[in-house]
Amino acid sequence: MSASLLEQLIEAFRVLPGVGQKTAQRMAYHVLERERDGGRRLAEALGAAVERIGHCARCRDFSETALCATCASAARDTHSLCVVESPADRLAIEQATGYRGLYFVLQGRLSPLDGIGPRELGLDSLAARLAEGEVRELIIATNPTVEGEATAHYLAQLARQHGVRPSRLAHGVPLGGELEYVDRGTLSHAFGSRSEMP
């Protein structure tokens, strides 16, 4: 016997990260009880996004066109390229910093156990981009996880092979943080990566 429409709706909400059975159930009931117009808008926006949003041919970020607005902009600094794991990471850097260079979005990180290697991350197209000779600095902004660090090392080697200077985002004690509350791993990394004050 096939699932009812309500069961299908609940199961559809469960594809979202962090949404389990109970949360999906609450979402479905909320849409049906109080937000039917919102549910229709959500369905239309989701359908359109899934059909029309693809990846930028240059940076692999989400885009409705062949080139995203960032890559198409003549106002960006083409000599610096920031490599991030996800579109969310790119957006975070764009909103929090004054960075005006370009990006390359890996859409993941190296994870051989999960079958994610250089090809799956588009590193062949990154290598071709570095070989063009315009990029002078590759800013590596992968997450400080085991896979993120392995990816960072791979990217640094790739940059050096093409005569590009690799740099890595600083990690350590957060601004406004107190040392007694910082976890041991973060504090150890920050202490080991300390730099001379200007």
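Residues numbered from 1 in each chain as written. Predicted model: local features only at pLDDT ≥ 70, side-chain atom pairs only at ≥ 80, totals over all residues. Heavy atoms only, no water.

Overview of the overall build of the protein
The test is simple: Strands here mean DSSP runs of E at least two residues long; helices mean DSSP runs of H or I at least four residues long; both are numbered from the N terminus. Radius of gyration here is computed from C-alpha atoms only, and the compact-globule reference equals 2.2 Å multiplied by the residue count raised to the power 0.38.
Check the secondary structure of the protein and you find eight helices and six strands. Helices (α) and strands (β) of the protein occur, in sequence order from the N terminus, as α-α-α-β-β-α-β-α-β-α-β-α-β-α. Computed over C-alpha atoms, the radius of gyration of the protein comes to 21 Å, more than 25% over the 16 Å expected from 2.2 N^0.38 for 198 residues, which places it beyond the range of a compact globule. Taken along the three principal axes of its C-alpha coordinates, the protein extends 65 × 45 × 35 Å.

Quick word on the layout of surface pockets
The following threshold applies: We place a 1 Å grid over just the protein atoms. Points where a 1.4 Å probe fits but has no way out form a cavity, open points with protein on both sides within 12 Å along at least 5 of 7 lines form a pocket, and any residue with an atom within 4 Å of a point lines it. Grid points are joined across faces, edges and corners, and a volume is the space filled by probe spheres set on the points. For this classification, the nonpolar set comprises Ala, Val, Leu, Ile, Met, Phe, Trp, Tyr, Cys and Pro, the charged set comprises Asp, Glu, Lys and Arg, and every other residue, Gly included, is treated as polar.
By volume, the largest pocket is sized at about 300 Å³. Broken down by element, the residue count for the lining of the largest pocket peaks at four residues, all from helix α3 (residues 36-52). For the lining of the largest pocket, the per-class residue count stands at 10 nonpolar, one polar and no charged.

A word on a nonpolar patch on the surface
The line we're drawing: Residues qualify for a patch when their relative accessible area is over 30% and they have no salt bridge, like charges being joined within 9 Å and the nonpolar side chains of Val, Leu, Ile, Met, Phe, Trp and Tyr within 5 Å. Residue-level accessible areas treat just the shown protein chains as cover; the underlying method is Shrake-Rupley with a 1.4 Å probe. A carboxyl oxygen of Asp or Glu within 4 Å of a side-chain nitrogen of Lys or Arg is what we treat as a salt bridge.
A surface patch of nonpolar side chains, about 220 Å² in accessible area, is lined by L6, Y29 and L32. Locating L32 in the fold gives a position in helix α2 (residues 21-34).

Some details on the UniProt feature "domain: Toprim" (unreviewed entry) in the protein
Basically, it comes down to this: UniProt positions are given in the numbering used here, feature names are shortened, and annotations may be inferred rather than shown by experiment.
When the UniProt feature table is mapped onto this chain numbering, "domain: Toprim" (unreviewed entry) sits at residues 79-174. The span residues 79-174 carries 36% helix and 21% strand; its end-to-end C-alpha distance comes to 29 Å.

Details of the sheet that holds strand β5 (residues 137-141)
The strands that make up a sheet are held in pairs by hydrogen bonds between backbone atoms, and each pair lies either parallel or antiparallel. Here is the rule we go by: Two strands pair if DSSP finds at least two bridges between them. For helices, the fitted axis covers only the stretch in contact; all axes are lines through C-alpha atoms, and the angles between them, taken along N-to-C directions, range from 0 to 180 degrees. Contacts were defined at the residue level, with two residues in contact if any of their heavy atoms lie within 4.5 Å.
In space, the four strands of this open sheet follow the order β4-β3-β5-β6, with parallel pairing throughout. With one partner strand each, in any of the chains shown, β4 (101-105) and β6 (165-168) form the two edges of the open sheet. Adjacent strand axes in the sheet meet at a mean angle of 25° when their direction is disregarded. As defined by bridge partners, strand β3 (residues 77-84) adjoins β4 across five bridges and the pair is classed as parallel. Each bridged residue has a counterpart across the sheet, and for L81 the counterpart in β4 is L102. Running over the sheet, helix α7 (residues 146-161) touches β3, β5 and β6 and is turned about 160° from β6.

Comments concerning the pattern of salt bridges
Applying the stated criterion across every chain, the model contains 10 salt bridges. Taken together, the shared-partner salt bridges in this structure form one network comprising R76, E94 and R100.

Focus on the packing of aromatic side chains
In this description, an aromatic ring pair is defined by two values, namely the gap between the centres and the angle between the planes. To keep it simple, the criterion reads: Here is the rule: rings of Phe, Tyr and Trp (six-membered ring for Trp) pair when centre to centre is within 6.5 Å. Planes less than 30 degrees apart are stacked, more than 60 are edge-to-face, and the remainder are tilted. The buried label goes to any residue with under 20% of its type's maximum accessible area, the exposed label to any with over 50%, and the partly exposed label to all in between, with areas taken from a 1.4 Å probe on protein chains only. Comment: the charge-over-ring label is applied if NZ (Lys) or CZ (Arg) is within 6 Å of the ring centre and within 35 degrees of the ring normal.
As enumerated under the stated definition, the model contains one aromatic pair in all. Look at Y99 and Y103: their rings are 5.2 Å apart centre to centre, the planes differ by 75°, and that puts the pair in the edge-to-face class. The same class applies to Y99 and to Y103, which are both buried. Above the ring of Y103, the side-chain terminus of R90 is found at 5.6 Å from the ring centroid.

Some remarks on the side chain of S111
Counting through the fold element by element, S111 comes out in the loop between β4 and α6 (123-131). Those residues in contact with S111 that sit more than four places away from it in its chain are I116 and E147.

Points about the UniProt feature "zinc finger region: C4-type" (unreviewed entry) in the protein
When the UniProt feature table is mapped to this numbering, "zinc finger region: C4-type" (unreviewed entry) covers residues 56-71. A distance of 8 Å separates the end C-alpha atoms of residues 56-71, which is 19% helix and 12% strand.

Focus on the packing of α6 against α7
As a reminder of what qualifies: We call a crossing left-handed when the near helix sits turned anticlockwise from the far one by less than a right angle, and right-handed when that turn is clockwise.
In contact at an axis separation of 10 Å, α6 and α7 are set at 30° when each is read in the N-to-C sense. In the packing of α6 onto α7, the handedness of the crossing is right-handed. Of the residues in α7, those in contact with L123, L126, A127 and L130 of α6 are Y154, L155, L158 and A159.

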